[in-house]
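Architecture and fold: a report
So the chains spell out like this:
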Amino acid sequence: MIHTIRELLTFKRNPLKPNGGYLVSLAISVVLALLLGAVIMLVSGHDPIAGYGAMLTGALGSQRAIGNTLAKSATLCLTGLATAIAAQAGVFNVGGEGQLYFGAMASALLGSTLAGVPAFIAVPLCLAAGMAAGGLWALIPAWLKVRLNVNEVITTIMLNSVAIYFCAYLSNGPLKTSEPGIASGTSKIDPNFAFPRVINLSNLTTSIFLSLAAALFVWYLMKRTTTGYEMKLTGENERFAYYMGIPTAELMMVGMAISGAICGMVGMFEVFGLHRRFIDSVSNEFYYDGMLVAMIMRYNPMGIILMSLFFGVLKIGGTGMEQTGVPSQTILIVQSIIIFFMAAERGISESFKARRLHNPANNRAEGSERP
(Lines give C-alpha, C1' and ligand atoms only; values in the text may rest on other atoms or scores of the structure.)
Protein backbone atom coordinates (compact mmCIF):
# COMPACT_ATOMS: atom_id res chain seq x y z
CA MET A 1 0.00 0.00 0.00
CA ILE A 2 2.79 2.42 0.92
CA HIS A 3 4.54 1.61 -2.37
CA THR A 4 1.31 2.26 -4.29
CA ILE A 5 0.79 5.64 -2.63
CA ARG A 6 4.40 6.57 -3.34
CA GLU A 7 3.96 5.63 -7.00
CA LEU A 8 0.87 7.82 -7.26
CA LEU A 9 2.54 10.79 -5.61
CA THR A 10 5.56 10.52 -7.92
CA PHE A 11 3.52 9.64 -11.00
CA LYS A 12 5.14 9.65 -14.40
CA ARG A 13 3.44 8.53 -17.57
CA ASN A 14 4.53 5.03 -18.48
CA PRO A 15 6.37 5.35 -21.80
CA LEU A 16 6.05 1.64 -22.63
CA LYS A 17 3.68 0.64 -25.39
CA PRO A 18 1.31 -2.36 -25.31
CA ASN A 19 3.25 -4.36 -27.91
CA GLY A 20 2.59 -7.94 -28.96
CA GLY A 21 4.46 -9.42 -26.02
CA TYR A 22 2.50 -7.30 -23.60
CA LEU A 23 -0.82 -8.34 -25.13
CA VAL A 24 0.15 -12.01 -24.91
CA SER A 25 1.15 -11.70 -21.26
CA LEU A 26 -2.05 -9.74 -20.61
CA ALA A 27 -4.10 -12.55 -22.16
CA ILE A 28 -2.26 -15.08 -19.99
CA SER A 29 -3.05 -12.95 -16.94
CA VAL A 30 -6.75 -12.96 -17.84
CA VAL A 31 -6.77 -16.75 -18.28
CA LEU A 32 -5.02 -17.27 -14.93
CA ALA A 33 -7.48 -14.94 -13.26
CA LEU A 34 -10.46 -16.80 -14.74
CA LEU A 35 -9.00 -20.12 -13.57
CA LEU A 36 -8.49 -18.80 -10.06
CA GLY A 37 -12.01 -17.40 -10.10
CA ALA A 38 -13.27 -20.85 -11.14
CA VAL A 39 -11.47 -22.39 -8.17
CA ILE A 40 -13.11 -19.89 -5.83
CA MET A 41 -16.54 -20.73 -7.23
CA LEU A 42 -15.84 -24.46 -6.88
CA VAL A 43 -14.76 -24.04 -3.25
CA SER A 44 -17.89 -22.03 -2.51
CA GLY A 45 -20.07 -24.78 -4.03
CA HIS A 46 -20.92 -23.27 -7.41
CA ASP A 47 -20.39 -24.49 -10.95
CA PRO A 48 -17.81 -22.19 -12.59
CA ILE A 49 -18.85 -23.19 -16.12
CA ALA A 50 -22.45 -22.25 -15.38
CA GLY A 51 -21.26 -19.09 -13.62
CA TYR A 52 -19.12 -17.85 -16.49
CA GLY A 53 -21.79 -18.90 -18.95
CA ALA A 54 -24.30 -16.81 -17.04
CA MET A 55 -21.85 -13.89 -17.12
CA LEU A 56 -21.68 -14.02 -20.91
CA THR A 57 -25.44 -14.44 -21.15
CA GLY A 58 -26.03 -11.54 -18.78
CA ALA A 59 -23.75 -9.30 -20.84
CA LEU A 60 -24.45 -10.49 -24.40
CA GLY A 61 -27.44 -12.83 -24.26
CA SER A 62 -30.13 -10.40 -25.41
CA GLN A 63 -30.55 -7.05 -27.12
CA ARG A 64 -31.14 -5.38 -23.77
CA ALA A 65 -28.01 -6.99 -22.29
CA ILE A 66 -25.91 -5.94 -25.27
CA GLY A 67 -27.26 -2.40 -24.96
CA ASN A 68 -26.38 -2.21 -21.27
CA THR A 69 -22.91 -3.61 -21.97
CA LEU A 70 -22.26 -1.09 -24.73
CA ALA A 71 -23.50 1.75 -22.52
CA LYS A 72 -21.21 0.72 -19.68
CA SER A 73 -18.31 0.26 -22.11
CA ALA A 74 -18.84 3.74 -23.53
CA THR A 75 -18.68 5.27 -20.05
CA LEU A 76 -15.52 3.31 -19.21
CA CYS A 77 -14.00 4.28 -22.55
CA LEU A 78 -14.58 8.01 -22.10
CA THR A 79 -13.37 8.12 -18.51
CA GLY A 80 -10.35 6.01 -19.48
CA LEU A 81 -9.52 8.35 -22.35
CA ALA A 82 -9.92 11.31 -20.00
CA THR A 83 -7.23 9.76 -17.80
CA ALA A 84 -5.03 9.04 -20.82
CA ILE A 85 -5.09 12.52 -22.35
CA ALA A 86 -4.00 14.07 -19.06
CA ALA A 87 -1.35 11.39 -18.55
CA GLN A 88 -0.06 12.05 -22.06
CA ALA A 89 0.78 15.57 -20.90
CA GLY A 90 2.38 14.34 -17.69
CA VAL A 91 -0.52 15.07 -15.32
CA PHE A 92 -2.31 12.39 -13.29
CA ASN A 93 -5.97 13.39 -13.07
CA VAL A 94 -7.57 11.58 -10.13
CA GLY A 95 -10.34 14.17 -9.94
CA GLY A 96 -12.50 13.01 -12.80
CA GLU A 97 -15.33 12.01 -10.49
CA GLY A 98 -15.75 15.57 -9.24
CA GLN A 99 -15.47 16.94 -12.77
CA LEU A 100 -18.19 14.50 -13.83
CA TYR A 101 -20.44 15.75 -11.02
CA PHE A 102 -19.99 19.39 -11.97
CA GLY A 103 -20.63 18.59 -15.62
CA ALA A 104 -23.83 16.77 -14.68
CA MET A 105 -25.00 19.62 -12.43
CA ALA A 106 -24.28 22.38 -14.97
CA SER A 107 -26.00 20.57 -17.83
CA ALA A 108 -28.99 19.62 -15.67
CA LEU A 109 -29.53 23.20 -14.53
CA LEU A 110 -29.28 24.58 -18.04
CA GLY A 111 -31.48 21.77 -19.36
CA SER A 112 -34.30 22.75 -17.00
CA THR A 113 -33.79 26.48 -17.57
CA LEU A 114 -33.97 26.23 -21.36
CA ALA A 115 -37.30 24.36 -21.36
CA GLY A 116 -39.21 25.22 -24.51
CA VAL A 117 -36.12 26.08 -26.55
CA PRO A 118 -35.65 23.89 -29.67
CA ALA A 119 -33.65 20.79 -28.85
CA PHE A 120 -31.12 21.32 -31.65
CA ILE A 121 -30.11 24.55 -29.90
CA ALA A 122 -30.53 23.58 -26.26
CA VAL A 123 -28.81 20.18 -26.26
CA PRO A 124 -25.49 21.44 -27.72
CA LEU A 125 -25.57 24.32 -25.23
CA CYS A 126 -26.12 21.90 -22.34
CA LEU A 127 -23.31 19.68 -23.63
CA ALA A 128 -21.01 22.70 -23.85
CA ALA A 129 -22.01 23.75 -20.32
CA GLY A 130 -21.22 20.30 -18.92
CA MET A 131 -17.87 20.16 -20.68
CA ALA A 132 -16.98 23.69 -19.62
CA ALA A 133 -17.84 22.97 -15.98
CA GLY A 134 -15.72 19.81 -15.94
CA GLY A 135 -12.85 21.46 -17.79
CA LEU A 136 -12.77 24.56 -15.57
CA TRP A 137 -12.80 22.42 -12.40
CA ALA A 138 -9.87 20.43 -13.78
CA LEU A 139 -7.92 23.62 -14.47
CA ILE A 140 -7.65 24.39 -10.76
CA PRO A 141 -5.26 21.53 -9.89
CA ALA A 142 -3.51 22.00 -13.25
CA TRP A 143 -2.78 25.65 -12.46
CA LEU A 144 -1.61 24.76 -8.97
CA LYS A 145 0.78 22.21 -10.45
CA VAL A 146 2.34 24.32 -13.18
CA ARG A 147 2.50 27.57 -11.18
CA LEU A 148 3.09 26.45 -7.61
CA ASN A 149 4.35 22.88 -8.15
CA VAL A 150 1.54 21.44 -5.99
CA ASN A 151 1.13 17.69 -6.47
CA GLU A 152 -1.95 17.14 -8.64
CA VAL A 153 -2.78 13.75 -7.14
CA ILE A 154 -3.47 15.31 -3.76
CA THR A 155 -5.38 18.32 -5.10
CA THR A 156 -7.57 16.32 -7.48
CA ILE A 157 -8.47 13.81 -4.77
CA MET A 158 -9.43 16.62 -2.38
CA LEU A 159 -11.35 18.53 -5.05
CA ASN A 160 -13.35 15.36 -5.75
CA SER A 161 -14.89 15.59 -2.29
CA VAL A 162 -15.50 19.32 -2.66
CA ALA A 163 -17.38 18.86 -5.93
CA ILE A 164 -19.41 15.83 -4.86
CA TYR A 165 -20.53 17.29 -1.53
CA PHE A 166 -21.20 20.72 -2.99
CA CYS A 167 -23.41 19.24 -5.71
CA ALA A 168 -25.18 17.10 -3.10
CA TYR A 169 -25.82 20.24 -1.04
CA LEU A 170 -27.29 22.02 -4.05
CA SER A 171 -29.54 19.12 -5.08
CA ASN A 172 -30.81 18.69 -1.51
CA GLY A 173 -30.96 22.35 -0.64
CA PRO A 174 -31.37 25.50 -2.72
CA LEU A 175 -31.78 23.69 -6.06
CA LYS A 176 -33.93 20.81 -4.84
CA THR A 177 -36.97 20.13 -7.01
CA SER A 178 -40.42 20.90 -5.66
CA GLU A 179 -41.92 17.85 -7.38
CA PRO A 180 -43.69 15.56 -4.90
CA GLY A 181 -42.17 12.17 -4.22
CA ILE A 182 -38.60 13.20 -5.17
CA ALA A 183 -36.30 12.84 -2.17
CA SER A 184 -33.39 14.73 -3.72
CA GLY A 185 -32.44 16.08 -7.10
CA THR A 186 -32.83 19.12 -9.29
CA SER A 187 -35.76 19.94 -11.56
CA LYS A 188 -36.29 17.78 -14.60
CA ILE A 189 -34.81 18.76 -17.92
CA ASP A 190 -37.16 19.38 -20.82
CA PRO A 191 -38.24 15.89 -22.04
CA ASN A 192 -37.51 16.94 -25.62
CA PHE A 193 -33.83 17.28 -24.70
CA ALA A 194 -33.41 13.69 -23.52
CA PHE A 195 -31.35 11.28 -25.60
CA PRO A 196 -33.64 8.56 -27.01
CA ARG A 197 -32.81 4.93 -26.34
CA VAL A 198 -31.19 2.95 -29.13
CA ILE A 199 -32.40 -0.36 -27.65
CA ASN A 200 -35.64 -0.42 -25.68
CA LEU A 201 -35.39 -1.09 -21.91
CA SER A 202 -31.60 -0.75 -22.02
CA ASN A 203 -29.31 2.08 -20.91
CA LEU A 204 -27.95 2.56 -24.43
CA THR A 205 -28.95 5.95 -25.81
CA THR A 206 -27.96 7.99 -28.84
CA SER A 207 -25.18 9.50 -26.73
CA ILE A 208 -23.18 6.44 -27.85
CA PHE A 209 -22.58 8.20 -31.17
CA LEU A 210 -21.20 11.26 -29.42
CA SER A 211 -19.04 8.94 -27.33
CA LEU A 212 -17.62 7.38 -30.49
CA ALA A 213 -16.89 10.83 -31.90
CA ALA A 214 -15.16 11.87 -28.67
CA ALA A 215 -13.08 8.66 -28.64
CA LEU A 216 -12.03 9.24 -32.26
CA PHE A 217 -11.08 12.83 -31.42
CA VAL A 218 -8.90 11.80 -28.47
CA TRP A 219 -7.23 9.04 -30.50
CA TYR A 220 -6.49 11.47 -33.33
CA LEU A 221 -5.21 14.14 -30.95
CA MET A 222 -2.92 11.76 -29.10
CA LYS A 223 -1.60 9.81 -32.09
CA ARG A 224 -1.82 12.00 -35.18
CA THR A 225 -1.19 15.62 -34.19
CA THR A 226 1.82 17.73 -33.31
CA THR A 227 0.14 18.76 -30.08
CA GLY A 228 -0.26 15.12 -29.09
CA TYR A 229 3.39 14.44 -29.83
CA GLU A 230 4.46 17.45 -27.76
CA MET A 231 2.22 16.24 -24.94
CA LYS A 232 3.91 12.86 -25.15
CA LEU A 233 7.37 14.42 -24.88
CA THR A 234 6.18 16.50 -21.93
CA GLY A 235 4.82 13.45 -20.17
CA GLU A 236 7.95 11.39 -20.73
CA ASN A 237 10.50 14.06 -19.83
CA GLU A 238 9.17 17.47 -18.90
CA ARG A 239 12.59 19.09 -18.48
CA PHE A 240 13.85 17.83 -21.83
CA ALA A 241 10.67 19.01 -23.56
CA TYR A 242 10.97 22.44 -21.93
CA TYR A 243 14.53 22.94 -23.16
CA MET A 244 13.42 21.81 -26.60
CA GLY A 245 11.16 24.87 -26.66
CA ILE A 246 7.89 23.01 -26.02
CA PRO A 247 5.41 24.99 -23.88
CA THR A 248 5.13 22.28 -21.23
CA ALA A 249 3.07 24.28 -18.73
CA GLU A 250 0.46 25.22 -21.32
CA LEU A 251 0.26 21.65 -22.60
CA MET A 252 -0.27 20.31 -19.09
CA MET A 253 -3.16 22.71 -18.59
CA VAL A 254 -4.62 21.89 -22.00
CA GLY A 255 -4.40 18.15 -21.33
CA MET A 256 -6.04 18.57 -17.95
CA ALA A 257 -8.78 20.81 -19.37
CA ILE A 258 -9.61 18.29 -22.10
CA SER A 259 -9.63 15.50 -19.50
CA GLY A 260 -12.05 17.44 -17.30
CA ALA A 261 -14.23 18.34 -20.28
CA ILE A 262 -14.58 14.67 -21.23
CA CYS A 263 -15.60 13.84 -17.65
CA GLY A 264 -18.14 16.67 -17.76
CA MET A 265 -19.45 15.19 -20.99
CA VAL A 266 -19.97 11.84 -19.26
CA GLY A 267 -21.95 13.61 -16.53
CA MET A 268 -24.12 15.29 -19.15
CA PHE A 269 -24.75 11.93 -20.85
CA GLU A 270 -25.86 10.41 -17.54
CA VAL A 271 -28.36 13.22 -16.96
CA PHE A 272 -29.75 13.52 -20.47
CA GLY A 273 -29.63 9.81 -21.21
CA LEU A 274 -30.86 8.16 -18.00
CA HIS A 275 -31.83 10.29 -15.02
CA ARG A 276 -33.39 13.36 -16.71
CA ARG A 277 -32.20 15.43 -13.72
CA PHE A 278 -29.17 15.72 -11.47
CA ILE A 279 -29.23 13.19 -8.63
CA ASP A 280 -26.70 12.47 -5.89
CA SER A 281 -25.92 9.04 -7.34
CA VAL A 282 -25.30 10.28 -10.88
CA SER A 283 -22.01 8.37 -10.82
CA ASN A 284 -21.05 5.15 -9.09
CA GLU A 285 -17.30 5.82 -9.17
CA PHE A 286 -17.33 5.59 -12.96
CA TYR A 287 -14.11 7.54 -13.29
CA TYR A 288 -12.09 5.19 -11.09
CA ASP A 289 -13.11 2.22 -13.21
CA GLY A 290 -12.11 4.09 -16.36
CA MET A 291 -8.83 5.15 -14.78
CA LEU A 292 -8.07 1.51 -14.04
CA VAL A 293 -8.76 0.57 -17.67
CA ALA A 294 -6.41 3.32 -18.85
CA MET A 295 -3.62 2.27 -16.51
CA ILE A 296 -3.90 -1.40 -17.50
CA MET A 297 -3.61 -0.46 -21.19
CA ARG A 298 -0.75 1.98 -20.47
CA TYR A 299 -2.77 4.97 -21.68
CA ASN A 300 -2.98 3.69 -25.25
CA PRO A 301 -6.27 5.03 -26.70
CA MET A 302 -7.01 2.05 -28.95
CA GLY A 303 -6.23 -0.35 -26.13
CA ILE A 304 -8.55 1.59 -23.82
CA ILE A 305 -11.39 1.28 -26.30
CA LEU A 306 -10.97 -2.50 -26.57
CA MET A 307 -10.41 -3.06 -22.85
CA SER A 308 -13.53 -1.02 -22.06
CA LEU A 309 -15.59 -3.62 -23.90
CA PHE A 310 -14.05 -6.40 -21.79
CA PHE A 311 -14.71 -4.51 -18.56
CA GLY A 312 -18.24 -3.76 -19.72
CA VAL A 313 -18.87 -7.50 -20.06
CA LEU A 314 -17.48 -8.07 -16.56
CA LYS A 315 -19.56 -5.34 -14.98
CA ILE A 316 -22.88 -6.11 -16.66
CA GLY A 317 -22.36 -9.87 -16.80
CA GLY A 318 -21.98 -10.01 -13.02
CA THR A 319 -25.71 -9.49 -12.62
CA GLY A 320 -26.34 -12.58 -14.76
CA MET A 321 -24.13 -14.67 -12.49
CA GLU A 322 -26.36 -13.86 -9.53
CA GLN A 323 -29.26 -15.60 -11.27
CA THR A 324 -27.35 -18.91 -11.08
CA GLY A 325 -27.07 -18.58 -7.31
CA VAL A 326 -23.53 -17.18 -7.21
CA PRO A 327 -23.53 -14.58 -4.40
CA SER A 328 -22.70 -10.99 -5.33
CA GLN A 329 -19.70 -11.12 -2.96
CA THR A 330 -18.22 -14.03 -4.92
CA ILE A 331 -18.79 -12.15 -8.18
CA LEU A 332 -16.94 -9.13 -6.82
CA ILE A 333 -14.07 -11.36 -5.68
CA VAL A 334 -13.80 -12.94 -9.13
CA GLN A 335 -13.90 -9.54 -10.83
CA SER A 336 -11.30 -8.15 -8.44
CA ILE A 337 -8.97 -11.10 -9.09
CA ILE A 338 -9.27 -10.58 -12.84
CA ILE A 339 -8.49 -6.88 -12.44
CA PHE A 340 -5.60 -7.67 -10.10
CA PHE A 341 -3.95 -10.10 -12.51
CA MET A 342 -4.34 -7.67 -15.39
CA ALA A 343 -2.99 -4.74 -13.40
CA ALA A 344 -0.11 -6.82 -12.06
CA GLU A 345 0.86 -8.14 -15.50
CA ARG A 346 3.95 -5.99 -15.78
CA GLY A 347 5.31 -7.01 -12.40
CA ILE A 348 4.57 -10.68 -13.08
CA SER A 349 6.25 -10.66 -16.50
CA GLU A 350 9.30 -8.80 -15.18
CA SER A 351 9.57 -11.29 -12.32
CA PHE A 352 9.66 -14.19 -14.77
CA LYS A 353 12.25 -12.39 -16.88
CA ALA A 354 14.44 -11.77 -13.83
CA ARG A 355 14.21 -15.43 -12.81
CA ARG A 356 15.10 -16.56 -16.30
CA LEU A 357 18.13 -14.27 -16.40
CA HIS A 358 19.36 -15.48 -13.00
CA ASN A 359 18.74 -19.15 -13.71
CA PRO A 360 22.17 -20.87 -13.70
CA ALA A 361 21.07 -23.31 -16.40
CA ASN A 362 20.11 -20.45 -18.70
CA ASN A 363 23.36 -18.65 -17.96
CA ARG A 364 25.38 -21.77 -18.82
CA ALA A 365 23.40 -22.26 -22.02
CA GLU A 366 23.94 -18.65 -23.04
CA GLY A 367 27.64 -18.96 -22.19
CA SER A 368 28.04 -22.09 -24.30
CA GLU A 369 26.50 -20.30 -27.28
CA ARG A 370 29.04 -17.50 -27.14
CA PRO A 371 32.07 -17.91 -29.45
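A brief structural summary. Small disclaimer: the values here were computed from a predicted structure and weren't measured.

1. Let's talk about the pattern of salt bridges
In the structure shown here, the tally under the stated rule is 3 salt bridges. For Glu 179, the salt bridge identified is with Arg 277, shortest N-O distance 3.3 Å. Placement of Glu 179 in the loop between helix H7 (152-172) and helix H8 (207-224) and of Arg 277 in the loop between helix H11 (248-275) and helix H12 (286-296) is noted, with a sequence separation of 98 residues between them. Since its relative accessible area comes to 30%, Glu 179 is described here as partly exposed. Classification of Arg 277 by relative accessible area gives buried; the value is 6%. A salt bridge links Lys 315 to Asp 289, with the nearest nitrogen and oxygen atoms 3.7 Å apart. With a gap of 26 residues between them, Lys 315 in helix H13 (residues 301-322) and Asp 289 in helix H12 connect regions that are remote in the sequence.

2. Focus: the packing of helix H6 (residues 119-148) against H11
It is at 6 Å that the axes of H6 and H11 come closest, and there the two elements cross at 140 degrees. With respect to H11, the element H6 is oriented oblique. In the packing of H6 onto H11, the handedness of the crossing is right-handed.

3. Some thoughts on the packing of aromatic side chains
The tally for this structure, following the rule as stated, stands at 8 aromatic pairs. Between the aromatic rings of Phe 195 and Phe 269, the centroid separation amounts to 5.9 Å while the plane-to-plane angle is 80 degrees, which identifies the pairing as edge-to-face. Taken as a pair, Phe 195 in the loop between H7 and H8 and Phe 269 in helix H11 lie far apart in primary sequence, 74 residues in all. A residue is classified by how much of its surface remains accessible, and Phe 195, at 8% relative accessible area, is buried. Plain terms: the ring middles of Phe 310 and Phe 311 are 6.2 Å apart, the flat faces sit at 70 degrees to each other, and that makes the pair edge-to-face.

4. Describing the environment of Met 131
Note on placement: Met 131 falls in helix H6. Using a relative accessible area of 26% as the deciding quantity, one classes Met 131 as partly exposed. In this structure, the C-alpha to C-alpha distance between Met 131 and Leu 100, residues 31 residues apart in sequence, is 8.9 Å. Among all residues touching Met 131, those that are not within four sequence positions of it are Ala 261, Gly 264 and Met 265.

5. Thoughts on the nonpolar core
Met 268, Phe 272, Phe 278, Val 282, Phe 311 and Met 342 are the most contacted members of the largest nonpolar core, which has 81 residues in total. Examining the composition of this core, we find that 9 residues originate from one element, H11, more than from any other. Residues contacting Phe 278, with those up to four places away along its chain left out, are Tyr 101, Ala 104, Met 105, Ala 108, Cys 167, Ser 171, Gly 185, Thr 186 and Val 271. Counting residues in hydrophobic clusters, the runner-up holds 7 residues, among them Ala 86, Val 91, Ala 138 and Met 253.

6. Description of the side chain of Thr 75
Relative to the elements of secondary structure, Thr 75 occurs in helix H4 (residues 63-88). Take Thr 75: its relative accessible area is 11%, and that puts it in the buried class. In this structure Thr 75 touches Val 266, Glu 270 and Phe 286, once residues within four positions along its chain are discounted.

Cut-offs applied
Residues numbered from 1 in each chain as written. Predicted model: local features only at pLDDT ≥ 70, side-chain atom pairs only at ≥ 80, totals over all residues. Heavy atoms only, no water. Salt bridge = Lys/Arg side-chain N within 4 Å of Asp/Glu carboxyl O. Helix = DSSP H or I, 4+ residues; strand = E, 2+ residues; numbered from the N terminus. Buried < 20%, exposed > 50% of the residue type's maximum accessible area, 1.4 Å probe, protein only. Axes fitted to C-alpha atoms, helices over the stretch in contact; angles between N-to-C directions. Parallel < 35°, antiparallel > 145°, perpendicular 65-115°, else oblique. Left-handed = near helix turned anticlockwise from the far one by under 90°. Phe/Tyr/Trp six-rings, centres within 6.5 Å; stacked < 30°, edge-to-face > 60°. Contact = heavy atoms within 4.5 Å. Core = buried A, V, L, I, M, F, W, Y, C linked by side-chain atoms within 4.5 Å.

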